[in-house]
Amino acid sequence: MVDIMEPGLTQGNLLVTIGIVSVLILISEKYRVLDRTGVYAAAALGITVGALGHWTWLIILLGFLGTAHKATKWRFEEKAEKGLSESSDGHRSWGNVVANGGLPGLVAIIAFLLDDHDNGLWLFSAAVSVAAADTFASEIGCLDDRVRMITTMKKCKPGLNGGFSPNGQGAAFVGSAIIAILAFASEQDVKLAAMVAVIGWLGCQVDSILGAVLENRGLMTKGTVNAAAITFGIIAMWWYLGFPHL
């Protein structure tokens, strides 16, 4: 009997991982979730996360990809008319895959090298949670006119880096909560799952602050801001776990 619950490079885990990535490719092609290079990048990332981490980690990542696509498509025509959409048809590119999935992929690699998939799951989930919270806040909050700059609390235009709105804040928590629920389904720990949700939401605030202070001045790019916020999420969870392996 093949054991599919063992993490890492085990037969069961590899078989399930390859199956899930195959389905991801088919769905992405059919529903135009990603462009062609985005599909390649997502497949490579998926194999890395599933094979070196566990296929349940891949489910968490796909949960983010699927719900983020829905958030992107939400009132898409209206966002496109206002110049608030990142692509012409709502699909995402390899750059989006790398920006949001690169660091979670790195966590999977490190967890494999240290043979610590228990802590790795929560570090990975925290990283994905930040990416989800930021994506939901951006895609849903940009159509809320009640926008204020996070550093000054003054009113500003929707879509401006550092701007936040009530709808965006609520959407950010929904995004992080979705990842927390998926993480809980993988490993039933209520406290750590709750921390995933909280850290994801806080990471979104870090993203906004960096956007306001540094990105708007040309000192950081959108990609580096995303990476910094996700790094915050990883470090915050690492701290909560008691800095394992230090």
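Further up the page is the structure itself.
A. Molecular detail of the overall build of the protein chain. Of the regular secondary structure elements, the protein chain holds nine helices and two strands. Ordered by position in the sequence, the α and β elements of the protein chain form the string α-α-α-α-α-α-β-β-α-α-α. The C-alpha atoms of the protein chain give 18 Å as radius of gyration, which agrees with the globular expectation for 246 residues (18 Å, within 12%). Projected onto the principal axes, the alpha-carbon positions of the protein chain cover approximately 60 × 45 × 30 Å. In the protein chain, buried positions account for 48% of the 246 residues. Seen as two clouds, the 17 positive and the 20 negative side-chain charges of the protein chain have centres 12 Å apart.

B. Structural context of the environment of Leu24. By secondary structure assignment, the location of Leu24 is in helix α1 (residues 11–31). With a relative accessible area of 10%, Leu24 lands in the buried category. Here the alpha-carbon distance between Leu24 and Arg217, two residues 193 residues apart in the chain, equals 38 Å. Beyond its immediate sequence surroundings of up to four residues, Leu24 is in contact with Ala42, Leu62 and Leu65.

C. A look at the packing of aromatic side chains. Evaluated as defined, the whole model comprises three aromatic pairs. Look at Trp238 and Phe243: their rings are 5.0 Å apart centre to centre, the planes differ by 85 degrees, and that puts the pair in the edge-to-face class. Exposure remark for Trp238: the relative accessible area of 27% places this residue in the partly exposed category. Look at Phe243 and you get partly exposed, because its relative accessible area is 33%. Between Trp239 and Tyr240, the ring centres sit 6.5 Å apart and the planes meet at 55 degrees, which makes this aromatic pair tilted.

D. The arrangement of the environment of Gly19 in detail. As for its placement among the helices and strands, Gly19 is situated in helix α1. Exposure remark for Gly19: the relative accessible area of 34% places this residue in the partly exposed category. It is 13 Å that separates the C-alpha atoms of Gly19 and His54, two residues lying 35 residues apart in sequence.

E. Representation of helix α5 (residues 94–114) within the structure. With 21 residues, α5 should reach 30 Å at 1.5 Å per residue; the first-to-last C-alpha distance of 28 Å fits that figure. Along α5, the sharpest change in direction is near 50 degrees and occurs at Gly101; proline Pro104 comes one to four residues later. Within the span of α5, buried status applies to Asn96, Val97, Asn100, Gly101, Pro104, Gly105, Val107, Ala108 and Ala111. Residues of α5 that are buried make contact with α2 (36–53), α3 (55–73), α6 (117–141) and α9 (222–240). The positive-phi residue at the C-terminal boundary of α5 is Asp115, with phi of around 55 degrees.

F. Spotlight on the side chain of Ser165. Relative to the helices and strands, Ser165 is located in the loop between β2 (163–164) and α7 (166–186). Judged by relative accessible area, which is 3%, Ser165 ranks as buried. Residues within four places of Ser165 in sequence aside, it is in contact with Gly141, Asp144, Arg146 and Val147.

The rules behind these values
- Residues numbered from 1 in each chain as written.
- Predicted model: local features only at pLDDT ≥ 70, side-chain atom pairs only at ≥ 80, totals over all residues.
- Heavy atoms only, no water.
- Helix = DSSP H or I, 4+ residues; strand = E, 2+ residues; numbered from the N terminus.
- Rg over C-alpha atoms; globule rule 2.2 N^0.38 Å.
- Buried < 20%, exposed > 50% of the residue type's maximum accessible area, 1.4 Å probe, protein only.
- Lys, Arg positive; Asp, Glu negative; His and termini not counted.
- Charge placed at Lys NZ, Arg CZ, Asp CG, Glu CD.
- Contact = heavy atoms within 4.5 Å.
- Phe/Tyr/Trp six-rings, centres within 6.5 Å; stacked < 30°, edge-to-face > 60°.
- Expected span 1.5 Å × (residues − 1).
- Bend = angle between axes of the 7 residues up to and from the residue.

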